[in-house]
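Analysis of the macromolecular model
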Amino acid sequence: MSSQAGGVVEIRATELDLAVDQLDHDIWNHAQPVIITRYWSGELAPQTRHVEARLISTPTALLARFEGNQAESLIVSSTPQTKTKTIGLWDRDVCEIFIAPNADEPTRYFEFEAAPTGEWVDLAIRLNEENRQTEWDYRSGMTAAAQVERNRVVIAIRVPWSARIPQPSPGDQWLGNLCRCIGSGAERGYLAWQATLTDKANFHVPERFGILRFSEMLNPVAPHSTVGA
């Protein structure tokens, strides 16, 4: 796997209307891998916590797939529910995407999280100098899926296009970040594609967001192939 440098992720489009639970579809092999190896502070995280993210644009949604190393016990709910959003999910193991569709207004952005249990949360956020305003009842229509194996966890997030998150055109540039929370207590880790460099762990730093650039169409692929190692 090759790492991403320079703060830009190329999100390629596909004509395939990929479902969120198609975690092993070959189409993911054609998306750019983004290897997340460092904490929000810029400090290198142990390899056992590294995670790879890939993003794809389909005719109906934005999809993100995270594949992470998992050498430690999962921090998840013993009674997970997936029918509605789980407020406070960020206190357990999750993968997250932050997106600001309007690059001219980076302080208006969306946060999407999914856990190894398939639990999820979606939030619309506006950041100003005084505080962070969160739209707790925001309903994006997002869905999530997960697969847990020995020393490996795969998590996917699907966010449908809408009036607030419109389908982009090739060449469009959004802002965003890709993150992972893992572990508990003093050993809890907060990994970020774009380090936020704050005094304490904090992903809500839009001035540190990277560029999400939408580009050309992916080539058609066989429908039942699997993602390689």
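If you're wondering where the values come from, they're calculated on a predicted model, not measured in any experiment. (Residues numbered from 1 in each chain as written. Predicted model: local features only at pLDDT ≥ 70, side-chain atom pairs only at ≥ 80, totals over all residues. Heavy atoms only, no water.)

This brings us to the overall build of the protein. The secondary structure content of the protein amounts to zero helices and 13 strands. For the protein, the sequential pattern of α-helices and β-strands runs β-β-β-β-β-β-β-β-β-β-β-β-β. Against the compact-globule benchmark of 17 Å for 229 residues, the protein has a radius of gyration of 16 Å, which places it among compact chains. Sorting the 229 residues of the protein into buried and exposed places 51% on the buried side. For the protein, restricting intrachain contacts to residue pairs at least 6 apart in sequence, the fraction spanning at least 24 positions comes to 65%. As displayed, the protein has an accessible area near 10,900 Å², and 47% of this comes from carbon and sulfur atoms. In the protein, the 21 positive side-chain charges and the 29 negative ones have mean positions that sit 2 Å from each other. (Helix = DSSP H or I, 4+ residues; strand = E, 2+ residues; numbered from the N terminus. Rg over C-alpha atoms; globule rule 2.2 N^0.38 Å. Buried < 20%, exposed > 50% of the residue type's maximum accessible area, 1.4 Å probe, protein only. Contact = heavy atoms within 4.5 Å. Areas by Shrake-Rupley, 256 points an atom, 1.4 Å probe, with all protein chains shown as cover. Lys, Arg positive; Asp, Glu negative; His and termini not counted. Charge placed at Lys NZ, Arg CZ, Asp CG, Glu CD.)

According to the stated counting rule, one finds eleven aromatic pairs in the structure shown. Residues F98 and F209 carry aromatic rings whose centres are separated by 6.3 Å and whose planes lie at 45 degrees to one another, so their mutual orientation is tilted. Taken together, the residues F98 in strand β5 (residues 94-100) and F209 in the loop between β12 (189-192) and β13 (210-217) connect sequence positions 111 residues apart. The residues F98 and F209 share a single accessibility class, namely buried. Between F110 and Y138, the ring centres sit 5.2 Å apart and the planes meet at 35 degrees, which makes this aromatic pair tilted. One end of the pair, F110, is in strand β6 (residues 108-114); the other, Y138, is in the loop between β8 (132-135) and β9 (143-149), with 28 residues separating them in the sequence. (Phe/Tyr/Trp six-rings, centres within 6.5 Å; stacked < 30°, edge-to-face > 60°.)

Everything listed is a geometric property; what it means functionally is a separate question.
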